[in-house]
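# Fold and geometry: a report
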Protein chains: 4
Amino acid sequence: MTKFCLTVTCPSKRGIVAAIANYIAETGCNITDSAQFDDADNGQFFMRISAEAETGATLEALREGFAAVAQPFAMNYEFHDQDTTMKVVIMVSRFGHCLNDLLYRVRIGALPIEIVAVISNHMDYQKVVVNHDIPFHCIKVTKDNKPQAEARIMEIVEETGAELIVLARYMQILSDAMCQKMSGRIINIHHSFLPSFKGANPYKQAYERGVKLIGATSHYVTADLDEGPIIEQDIVRITQSQSASDYVSLGRDVEAGVLARAIHAHAHHRVFMNGNKTVVFPASPGSYSSKRMG
Amino acid sequence: MTKFCLTVTCPSKRGIVAAIANYIAETGCNITDSAQFDDADNGQFFMRISAEAETGATLEALREGFAAVAQPFAMNYEFHDQDTTMKVVIMVSRFGHCLNDLLYRVRIGALPIEIVAVISNHMDYQKVVVNHDIPFHCIKVTKDNKPQAEARIMEIVEETGAELIVLARYMQILSDAMCQKMSGRIINIHHSFLPSFKGANPYKQAYERGVKLIGATSHYVTADLDEGPIIEQDIVRITQSQSASDYVSLGRDVEAGVLARAIHAHAHHRVFMNGNKTVVFPASPGSYSSKRMG
Amino acid sequence: MTKFCLTVTCPSKRGIVAAIANYIAETGCNITDSAQFDDADNGQFFMRISAEAETGATLEALREGFAAVAQPFAMNYEFHDQDTTMKVVIMVSRFGHCLNDLLYRVRIGALPIEIVAVISNHMDYQKVVVNHDIPFHCIKVTKDNKPQAEARIMEIVEETGAELIVLARYMQILSDAMCQKMSGRIINIHHSFLPSFKGANPYKQAYERGVKLIGATSHYVTADLDEGPIIEQDIVRITQSQSASDYVSLGRDVEAGVLARAIHAHAHHRVFMNGNKTVVFPASPGSYSSKRMG
Amino acid sequence: MTKFCLTVTCPSKRGIVAAIANYIAETGCNITDSAQFDDADNGQFFMRISAEAETGATLEALREGFAAVAQPFAMNYEFHDQDTTMKVVIMVSRFGHCLNDLLYRVRIGALPIEIVAVISNHMDYQKVVVNHDIPFHCIKVTKDNKPQAEARIMEIVEETGAELIVLARYMQILSDAMCQKMSGRIINIHHSFLPSFKGANPYKQAYERGVKLIGATSHYVTADLDEGPIIEQDIVRITQSQSASDYVSLGRDVEAGVLARAIHAHAHHRVFMNGNKTVVFPASPGSYSSKRMG
């Protein structure tokens with residue numbers, strides 16, 4: 001039995017939910033989970049539905065038939081098979097904790113993604129990546145070769161069919177062109193509680209300001225550095241007894257957790273861009289379960 | 001324009017959401033928020049919808065017309081006017097922090113409740129209650145007069161039309177008869193992270209066990225002491241440097257917060273009993289807003 | 001038996017702890033709690049000791065005799081009687097939750113402070129303050145009368161012997177002169193996770209930025225608005241379903257808790273200014289206990 | 001320059017701190033961090049001091065000379081070189097997340113331990129352990145061979161000089177004899193917020209009880225199952241939408257974090273057994289820093 005999730009955005013209007021729910025019922029599907037959000041500020045409607053095709057409807061047929069429902073409401077919509085994993089390219093520089101964390105989560109089936117490539121501007125993690133039977137690409141970036149380097153990255157994205165790039169502590173700034181081209185398809189982890197401490201050395205900035213909590217922020221990448229729509233944030237308490245190098249260590253767990261939760265939400269189609277903000281719906285039942293023990 | 005929320009429970013079945021959404025649309029209402037839960041264990045379906053009657057439908061008419069929708073699905077349902085406050089009786093013994101907290105929240109309009117009476121087995125809080133223009137009843141409870149005392153309590157509940165009793169650190173155990181009669185209508189705050197440390201002196205028990213976090217639990221009251229369906233819980237970190245009397249103080253804020261959140265959820269019709277558990281849906285947009293500044 | 005706490009700051013140097021501990025022992029006192037911090041960045045040493053004068057030494061004698069210990073190390077030091085409450089002036093504008101929270105905590109003996117006056121630029125809270133038998137002063141502030149208004153505030157501070165001013169959501173900016181005069185003696189609560197969202201309307205700023213956590217920050221007031229040394233911070237999670245007016249309500253509990261913890265730390269002499277940062281030592285055993293139940 | 005930490009426990013008495021601090025100063029050492037706790041219930045004193053031997057004193061000499069200080073106070077004490085790593089044996093069954101987490105932390109130098117062996121009753125993690133150049137031992141445990149299996153485990157502990165056994169989701173119950181022999185030297189992670197949900201299947205128990213937070217507890221192992229002194233606990237929020245298998249996944253991060261923090265505390269000599277409780281002092285400055293980036 002096909003299990004799928006349907007995401008819809010359109011201008012808010014009476015009758016949307018009925019139109020969608022009718023279609024789902026008429027096609028023999030049962031809604032097992034749903035969430036909606038009406039943004040009173042901009043009149044935009046967001047919905048995510050999990051359903052099961054109890055009488056054998058295929059995703060293709062469902063998708064096709066939905067066009068007639070969508071048209072009068074000007075809906076943007078997507079049907080996603082719940083058993084499909086999302087292809088992801090991970091990019092990393094020298095801090096490897098997020099990479100290590102994601103490799104483990106993917107290995108045990110805790111995230112509905114397939115890592116189709118790891119790209120780094122350093123060689124440090126070649127061995128660990130290769131040991132996971134994942135292609136590793138070292139693409140050095142200099143002032144002079146940036147366009148070529150990005151072209152090579154985009155080649156890999158296209159060849160692998162990756163739908164998402166995860167910047168897992170990748171320390172090179174992407175060009176505006178690439179950010180725009182991949183809008184909503186690049187997730188970054190920044191090691192501060194944005195909008196505090198943008199740019200370089202956020203832990204050092206936090207130390208110097210004397211904050212009592214440090215944080216991490218996962219966001220979509222836009223041309224404005226550290227300004228993209230925020231998906232997830234979290235914090236950890238520190239005291240005067242922790243130095244900036246302690247922050248690096250304590251922040252590691254927060255960063256890895258925040259990034260993993262952001263990817264979980266994105267890969268389960270729970271995140272919607274809403275201008276410079278995001279709508280993030282709760283996880284569906286069973287979606288945290290992992291397939292293996294370790 | 002009438003704003004209302006509709007709650008529905010019934011056996012899970014294809015077409016429920018469509019039937020509900022159609023009715024809402026046909027009656028000229030717009031769904032502004034919705035949440036659902038299908039319990040795979042017992043096949044029970046739970047839904048809560050917030051909607052606005054954009055074309056003038058009255059709640060009475062909506063309620064009446066819905067019977068035909070509900071019947072084939074064997075739905076239990078309720079329509080609640082969002083502008084109506086729930087009448088609540090608060091019961092308290094000698095620890096007054098939850099009472100004080102609730103008085104403040106109600107005063108500033110942060111909870112959709114009206115405190116129609118405060119009942120205590122002590123006189124300590126008569127003055128503070130009366131200063132809030134709320135009737136105060138001192139009902140002493142002894143081994144001998146328990147039935148009479150409870151009869152008097154129930155009289156007050158009926159006279160005031162209270163839909164909910166909140167045990168805000170009320171230290172007398174209610175009779176099985178009263179618990180059953182008021183099933184799902186009495187909320188208690190227990191000062192431990194249940195199911196740990198049931199019964200008397202939970203902070204002392206926690207201190208002796210040497211836990212590193214202490215907690216509070218808000219639950220519906222059933223005949224089994226401290227065993228009712230849990231609505232909300234939270235914790236606070238402690239160290240060896242805190243004594244059991246420190247716990248009492250640190251726990252105070254957690255207790256007050258947990259109880260207030262449980263009442264917020266219940267009074268906004270976000271909580272459903274589900275056997276010995278609860279379903280608690282997220283807060284609707286704007287429902288945390290308060291009317292006054294202080 | 002006199003219980004006291006001793007705070008010491010001086011340049012870090014071998015033998016400080018021994019010198020202090022010897023003095024304490026020689027004068028017949030027993031150390032029941034201690035904490036120290038060596039700031040490797042600036043070579044500054046901070047210590048706080050709780051002790052009991054087991055053989056009858058008076059605080060006056062201890063203080064006097066300590067001069068000889070302090071001199072060779074260039075120590076700044078203070079002896080504080082643990083039974084003395086700190087006199088505090090609270091200032092508030094129109095948001096009353098922090099005021100209400102502090103009035104309750106002081107009433108039950110949960111904070112070692114005495115509120116000697118409440119000053120407001122509005123009349124809203126006169127009645128509630130007077131009902132607590134605390135003098136209330138309404139001092140309007142306009143562009144023209146600011147120097148006179150501050151002079152009147154300082155008069156009250158001096159007349160009451162207040163050691164601390166708490167800005168409990170007081171919305172007027174204090175003059176540089178007053179900030180400097182009262183350096184380290186004014187604590188503010190800002191309703192954001194500083195350094196994010198300085199200045200006006202931080203919740204609106206947070207809403208527009210789309211953060212997933214909102215926070216509050218308690219700090220000493222300096223001439224640079226919202227830039228003073230941070231004492232305590234905390235956060236609460238929000239989603240797209242909360243509006244800026246929901247933030248105001250959800251933030252209220254965080255603000256009140258953060259401010260109360262900052263005052264607890266300050267009034268127990270656990271906070272040290274360290275340039276633009278603070279050193280905050282853990283609470284001593286028993287220091288959270290309160291005297292009354294409600 | 002030798003950096004060391006000194007831990008002391010003895011009956012509480014005036015002059016202890018002075019005696020210790022004098023010795024430290026006289027031997028040319030500078031105290032950089034200290035914490036103490038007086039247990040008012042049992043009159044026991046606990047202290048941990050970090051210091052630097054600025055004038056060349058060796059740890060051996062310091063240890064020897066301290067005997068004269070310790071004797072009149074009946075002190076138990078230990079001097080630990082801060083650059084020494086603690087030898088640890090990790091035991092694991094089929095859930096590998098804590099093992100994976102610890103391997104990573106040790107690899108980047110975030111914990112002051114050396115994993116000298118991994119013992120499992122299954123073969124699942126042989127490859128990953130061997131790839132870290134750590135000896136892997138598969139020791140099957142049956143009803144019949146338990147004494148022999150434990151004898152083999154103890155042999156490995158003795159051969160490797162391990163000071164600590166970490167049960168990283170090891171699902172066999174150790175014999176009373178082994179628990180007693182290794183008292184204070186075996187740390188377990190239990191996947192519930194103890195004392196709730198002892199024994200088997202705690203997540204299933206939690207699911208059936210309908211709690212709103214699930215937790216993990218790290219504790220020293222004693223003959224009473226899940227009753228040993230608690231070192232560290234933490235929780236994560238769940239809702240009705242999470243099943244028991246979701247708990248397993250969500251709990252994984254909490255378990256790994258709690259266990260790592262407990263080991264950090266133990267290996268830095270910050271944990272003291274105090275009857276059935278523990279004293280856990282804060283981390284010293286810099287002690288969270290790790291040596292490598294990934």
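The rules behind these values
Residues numbered from 1 in each chain as written. Chains lettered and ligands numbered in written order. Predicted model: local features only at pLDDT ≥ 70, side-chain atom pairs only at ≥ 80, totals over all residues. Heavy atoms only, no water. UniProt positions renumbered as here; feature names shortened; annotations may be inferred. Contact = heavy atoms within 4.5 Å. Buried area = accessible area lost by both parts, 1.4 Å probe. Salt bridge = Lys/Arg side-chain N within 4 Å of Asp/Glu carboxyl O. Polar contact = N/O pair within 3.5 Å; in protein donor to acceptor, adjacent residues only side chain to side chain. Helix = DSSP H or I, 4+ residues; strand = E, 2+ residues; numbered from the N terminus. Domains from an automatic or database assignment. Least-squares fit on C-alpha atoms with pLDDT ≥ 70 in both. Pairing = 2+ DSSP bridges. Axes fitted to C-alpha atoms, helices over the stretch in contact; angles between N-to-C directions. Buried < 20%, exposed > 50% of the residue type's maximum accessible area, 1.4 Å probe, protein only. Parallel < 35°, antiparallel > 145°, perpendicular 65-115°, else oblique. Left-handed = near helix turned anticlockwise from the far one by under 90°. Nonpolar A, V, L, I, M, F, W, Y, C, P; charged D, E, K, R; others polar. Phe/Tyr/Trp six-rings, centres within 6.5 Å; stacked < 30°, edge-to-face > 60°. Lys NZ or Arg CZ within 6 Å of the ring centre and 35° of its normal.

Chain A carries the name Formyltetrahydrofolate deformylase in an unreviewed UniProt entry, which gives Sulfitobacter dubius as its organism. Here chain A is described in UniProt, under the heading Pathway (unreviewed entry), as follows: "Purine metabolism; IMP biosynthesis via de novo pathway; formate from 10-formyl-5,6,7,8-tetrahydrofolate: step 1/1."

Turning our eyes to something else, we now look at the interface of chain C and chain A. Counting from both sides, the interface comprises 34 residues of chain C and, opposite them, 34 residues of chain A. Both sides of the chain C and chain A interface together cover about 2,800 Å² of buried area, and 49% of this is carbon and sulfur. Contact with chain A buries area across many residues of chain C, yet Arg209(C), Lys212(C) and Gln240(C) alone supply 25% of it, more than any other trio. For the pair chain C and chain A, the interface holds six salt bridges. Along the contact surface separating chain C from chain A lie 21 residue pairs in polar contact (both at pLDDT 80 or more). Broken down by secondary-structure element, the contributors of at least two residues to the side of chain C that touches chain A are strand S2 (29-39), helix H7 (202-209), strand S11 (230-237) and strand S13 (277-280) of chain C. No other element matches S11(C), which puts seven residues into the side of chain C that touches chain A.

Let us now look at the domain arrangement of chain A. Residue and element names in this part refer to chain A. Entries for chain A in the domain assignment read domain 1 (3-81) and domain 2 (86-280). Using C-alpha coordinates to define each centre, domain 1 is positioned 31 Å away from domain 2. Across the boundary between the two partners, domain 1 contributes 11 residues, which contact seven residues of domain 2. For the pair domain 1 and domain 2, the summed buried area comes to about 710 Å², and 64% of that belongs to carbon and sulfur atoms. Among the residues domain 1 hides against domain 2, the three largest losses belong to Phe46, Arg48 and His80. Together they make up 57% of the total. Elements represented by at least two residues in the side of domain 1 that touches domain 2 include exactly strand S1 (3-11), strand S2 (29-39) and strand S3 (44-53). No other element matches the four residues that S1 contributes to the side of domain 1 that touches domain 2.

Tracing the chain through its elements places Phe193(A) in the loop between strand S9 (186-190) and helix H7 (202-209). Through-space distance from the C-alpha of Phe193(A) to that of Ser218(A) is 9.4 Å; in sequence the pair is 25 residues apart. Apart from the residues within four sequence positions on either side, Phe193(A) is in contact with Gly215(A), Ala216(A), Thr217(A), Gln233(A), Asp234(A), Ile235(A), Phe193(C), Ser196(C) and Leu213(C).

Looking now at the relation of the copies chain B and chain A. Rotating chain B by 180° and moving it 0.0 Å along the rotation axis overlays it on chain A with an RMSD of 0.0 Å. The transformation just described matches what one would write down for a two-fold rotation axis.

Let's shift gears to the sheet that holds S11(C). Residue and element names in this part refer to chain C. Taken in spatial order, the seven strands line up as S7-S6-S5-S8-S9-S10-S11 in an open sheet, and their pairing is mixed. Every other strand in the sheet has two partners, leaving strand S7 (136-138) and S11 as the edge strands with one partner each. Adjacent strand axes in the sheet meet at a mean angle of 20°, parallel and antiparallel pairs treated alike. Relative to strand S9 (residues 186-190), strand S8 (residues 164-167) runs parallel, the two sharing three bridges. Bridge pairing in S9 links Val166 to Ile187.

A word on the interface of chain B and chain A. Counting from both sides, the interface comprises 23 residues of chain B and, opposite them, 23 residues of chain A. Across the interface of chain B and chain A, roughly 1,700 Å² is buried in total on both sides, 51% from carbon and sulfur atoms. When the buried area of chain B at its contact with chain A is split by residue, Arg14(B), Ser34(B) and Gln36(B) rank highest and sum to 32% of it. Remark: the boundary between chain B and chain A carries two salt bridges. In this structure, the salt-bridge partner of Arg14(A) is Glu54(B), at a minimum N-O distance of 2.9 Å. Across the contact surface, chain B and chain A share seven residue pairs in polar contact (both at pLDDT 80 or more). Of all the secondary structure elements, the ones that give two or more residues to the side of chain B that touches chain A are helix H1 (16-26) and strand S2 (29-39) of chain B. Looking at which element gives the most residues to the side of chain B that touches chain A, the answer is S2(B), with 10 residues.

This part is about helix H3 (residues 97-107) of chain A. An α-helical turn contains 3.6 residues, so any two residues separated by three or four positions project in the same direction. All names here are of chain A. Of all 11 residues making up H3, 10 are buried, and the element is well covered by its neighbours. All of the buried residues in H3 are His97, Cys98, Leu99, Asn100, Asp101, Leu102, Leu103, Tyr104, Arg105 and Val106. With its phi angle positive at about 75°, Gly109 sits one or two positions after the end of H3.

Helix packing for two helices is described by the angle between their axes and how far apart those axes are. Residues and elements named next belong to chain D. Axis separation between helix H3 (residues 97-107) and helix H8 (residues 244-267) bottoms out at 9 Å; the angle between their running directions is 45°. One finds that H3 runs oblique with respect to H8. Judged by the twist between their axes, the crossing of H3 over H8 is right-handed. Within the contact between the two elements, H3 uses His97, Cys98, Asp101, Leu102 and Arg105 and H8 uses Arg252, Glu255, Ala256, Gly257, Leu259, Ala260 and Ile263. Grouping the constituent residues of the contact of H3 with H8 by class yields six nonpolar, two polar and four charged.

This part is about the pairing of strand S1 (residues 3-11) of chain C. Residues and elements named next belong to chain C. Burial within S1 is extensive, with seven of its nine residues counted as buried. One ladder, built from nine bridges, connects S1 with strand S3 (residues 44-53); its direction is antiparallel. Considered in S3, the bridge of Cys10 is made with Phe45. Pairing of S1 with strand S4 (residues 76-81), which is carried by six bridges, proceeds in the antiparallel orientation. Opposite Thr9, over in S4, you have Asn76 as the bridge partner.

Quick look at the sheet that holds strand S10 (residues 213-220) of chain A now. All names here are of chain A. What the seven strands build is an open sheet, ordered S7-S6-S5-S8-S9-S10-S11; its pairing is mixed. Each edge of the open sheet carries a strand with a single partner, namely strand S7 (136-138) and strand S11 (230-237). With strand direction ignored, the average angle separating the axes of adjacent strands in the sheet is 20°.

Of the transformation placing chain C onto chain A, the axial shift is 0.0 Å and the rotation is 180°, giving an RMSD of 0.0 Å. Most of the interface of chain C is mirrored in chain A: 100% of its interface residues are interface residues there too.

As enumerated under the stated definition, the model contains 42 aromatic pairs over all chains in all. Relative to Phe79(A), the ring of Phe4(A) lies with its centre 5.6 Å away and its plane at 45°, an arrangement referred to as tilted. Linking Phe4(A) in strand S1 with Phe79(A) in strand S4 (residues 76-81), this pair joins segments that are 75 residues apart in sequence. Each member of the pair Phe4(A) and Phe79(A) is classed as buried. Ring plane angle 70° and centroid distance 5.2 Å describe the contact between Tyr23(C) and Phe66(C), whose orientation is recorded as edge-to-face. In this pair, Tyr23(C) is assigned in helix H1 (residues 16-26) and Phe66(C) in helix H2 (residues 59-73), connecting sequence segments 43 residues apart. Its relative accessible area of 8% is what places Tyr23(C) among the buried residues. Put simply, the rings of Phe4(A), Tyr23(A), Phe66(A), Tyr77(A) and Phe79(A) pair up and form one aromatic cluster. Geometry around Tyr207(C) places Lys277(A) over its ring, the cationic atom sitting 3.3 Å from the centre. Sitting over the ring of Phe95(C), Arg169(C) keeps its end group 4.7 Å from the ring centre.

With that settled, the discussion passes to the UniProt feature "active site" (unreviewed entry) in chain A. Here the UniProt-annotated "active site" (unreviewed entry) positions come out as Asp226(A). With respect to the helices and strands, the residue Asp226(A) is situated in the loop between S10 and S11. If sequence neighbours within four positions are ignored, Asp226(A) has contacts with Asn188(A), His190(A), Leu194(A), Lys198(A), Gly199(A), His219(A) and Arg209(C). A distance of 3.4 Å separates polar atoms of two side chains, one belonging to Asp226(A) and the other to His190(A).

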